[in-house]
Amino acid sequence: MAPDLESMRPTWAEIDLAAFERNVAAVAGMLPQGSRLIAVLKADAYGHGAVELARHCRPELVAMIATSLLEEALELRHAGIELPLLILGPIPAEQIPDAAGNDIAIGVVGPEELADVAAFAKTRDVTVHLKLDSGMGRMGITEGDLSAAVDMLRAAPRVRVAGIYTHFADADDPSDPHTDAQIRTFGRLVQLLRERGIDPQLHHLANSAATMRHVVTPGDWVRVGISLYGGEPLVDGHSRLEPLMRWRTEIARLKTLPAGSPVGYGSTFRTTRPSMIATLPVGYADGYNRGLSNRGEALVRGRRAPVVGRVSMDLVTLDVTDIHDVAVGDEVVLLGSQGPETISAEEIAERIGTISYEVFCAVSARVPRVYRSGRDVFVRSRFDRYDARLVTGSER
Ligand SMILES: *Cc1c(COP(=O)(O)O)cnc(C)c1O
């Protein structure tokens, strides 16, 4: 059944599942011999919807799905996703039984976590990937911890080390030598483990940035997030694949104001000419950053219109004086393309001093996601479960 978009709030994020499949195929297709793709679907697939995207991960192209939290991995298992799952962690000791019980591999990020896993594995099997700190300084077993880690593993035969991995700090900048240094450190730590009998064949180092730069040893797997969503992982790059998300709303009100009129909280904008101001039913509660006050732009009738005044919790005001024939109900694009114009996540990120990752993740659960895959359209909304008829009693 086609979803009833007419009866929803007019603010939603369209997610192009066919573009996701093309991005997955593009990344899988650029990997060297023997390498495979781990799709990073943490944080609800960077706001795109992890369950829906996981359903479009074909096992020929996607070897594994990584999440950050146990809860995120369980959400996928409950939705019937059968691909191997990896939690990047850290996870609290109390969650280890549920991870193991649901056939979810645990990223072990330090000696304390390894001790917890080993204690659990006294009576049961558990699969882990060992994270090494090659120079991120955040998570991972350091060279100093290595010896104790090996001792713990030797004493815990039911801990199966299925993989070893590390994470790059500066792969987004091709001129930064730190990535090469991290690769060398990782190689040295892997060699030390090998000498002491811990030698899983599976290694994974590269994020999107390293993958797009082809900094991948043949046979190594890669953990790719942002590139699958069409974000640009490189600082000065042109490696972007197809963006999936198009965030749109509609003009709810139009108002003509004389010159000198204030608009919005704090009266931070004052019209300098007779103006047409459009009010949009979207705000910072939806993830439209308040830093875009008097700074953002949106697309109306294929043209850019500036955000004027402060972004409120539920409302944004645009100056549409220069948009010919503008009307209530016109579609407004906050992120994505309309006609010849595009507002990218990188553009928004630049305006507010962040990265595309945060722009995507910020689009809140209040914004329904409308999925398109060929001619199929369906909606996921946190309000799905409420049926207006129960409230009005019109069916009784
Ligand atoms: C998030 C994450 C990734 C994916 O990073 P992208 O830059 O989005 O490709 C890979 N590895 C780890 C450990 C991560 O936390």
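Residues numbered from 1 in each chain as written. Predicted model: local features only at pLDDT ≥ 70, side-chain atom pairs only at ≥ 80, totals over all residues. Heavy atoms only, no water.

**Student:** I'd like to hear about the overall build of the protein chain, residue by residue, with values.
**Tutor:** For the protein chain, the count of helices and strands is 12 helices and 21 strands. Projected onto its principal axes, the C-alpha coordinates of the protein chain cover approximately 80 × 60 × 40 Å. Counting the 396 residues in the protein chain, one finds 50% classified as buried. For the protein chain, the accessible area works out to roughly 18300 Å², and carbon and sulfur atoms hold 51% of it. Positive and negative side-chain charges in the protein chain, numbering 43 and 52 respectively, have mean positions lying 3 Å apart. (Helix = DSSP H or I, 4+ residues; strand = E, 2+ residues; numbered from the N terminus. Buried < 20%, exposed > 50% of the residue type's maximum accessible area, 1.4 Å probe, protein only. Areas by Shrake-Rupley, 256 points an atom, 1.4 Å probe, with all protein chains shown as cover. Lys, Arg positive; Asp, Glu negative; His and termini not counted. Charge placed at Lys NZ, Arg CZ, Asp CG, Glu CD.)

**Student:** Tell me about the site of the ligand, and name the residues and values.
**Tutor:** Around the ligand there are 13 residues in total, and Lys-42, Tyr-46, Ser-208, Arg-223 and Tyr-357 lie nearest to it. In this structure, a nitrogen atom belonging to the ligand sits 3.4 Å away from a side-chain N or O atom of His-167. In the model, an oxygen atom of the ligand is placed 2.7 Å from a nitrogen or oxygen of the Tyr-357 side chain. Elements represented by at least two residues in the shell around the ligand include exactly helix 2 (42–46) and strand 9 (221–224). Residues of the shell around the ligand, tallied by class, amount to 6 nonpolar, 4 polar and 3 charged. (Near = heavy atom within 4 Å. Polar contact = N/O pair within 3.5 Å; in protein donor to acceptor, adjacent residues only side chain to side chain. Nonpolar A, V, L, I, M, F, W, Y, C, P; charged D, E, K, R; others polar.)

**Student:** Please give an account of the packing of helix 7 (residues 143–154) against helix 8 (residues 178–195) that cites residues and values.
**Tutor:** One can describe the packing of helix 7 onto helix 8 by two numbers: an axis separation of 11 Å at closest approach and a directional angle of 20°. Here helix 7 lies roughly parallel to helix 8, going by the angle between them. Crossing hand, helix 7 versus helix 8: right-handed. Where helix 7 approaches helix 8, its residues Glu-143, Leu-146 and Val-150 are matched on the opposing element by Arg-188, Leu-189, Leu-192 and Leu-193. Across the contact of helix 7 with helix 8, the residue classes tally to 5 nonpolar, no polar and 2 charged. (Axes fitted to C-alpha atoms, helices over the stretch in contact; angles between N-to-C directions. Parallel < 35°, antiparallel > 145°, perpendicular 65-115°, else oblique. Left-handed = near helix turned anticlockwise from the far one by under 90°. Contact = heavy atoms within 4.5 Å.)

**Student:** Explain the side chain of Thr-211 residue by residue, including any values.
**Tutor:** Within the secondary structure, Thr-211 is located in helix 9 (residues 208–212). The class for Thr-211 is buried, based on a relative accessible area of 1%. In this structure, Thr-211 is in contact with Val-27, Met-30, Leu-31, Ala-206, Val-216, Val-222 and Val-224, ignoring residues within four places of it in sequence.

**Student:** Can you lay out helix 1 (residues 17–29) for me, pointing to particular residues and giving the numbers?
**Tutor:** With 13 residues, helix 1 extends 18 Å between its outermost C-alpha atoms, agreeing within 8% with the 18 Å of an ideal straight helix rising 1.5 Å per residue. Within helix 1 the residues assigned to the buried category are Leu-17, Ala-19, Phe-20, Asn-23, Val-24 and Val-27. When helix 1 is viewed along its axis, its buried side chains cluster within an angular range of 150° and face the same direction. (Expected span 1.5 Å × (residues − 1). Arc of directions from axis to C-beta.)

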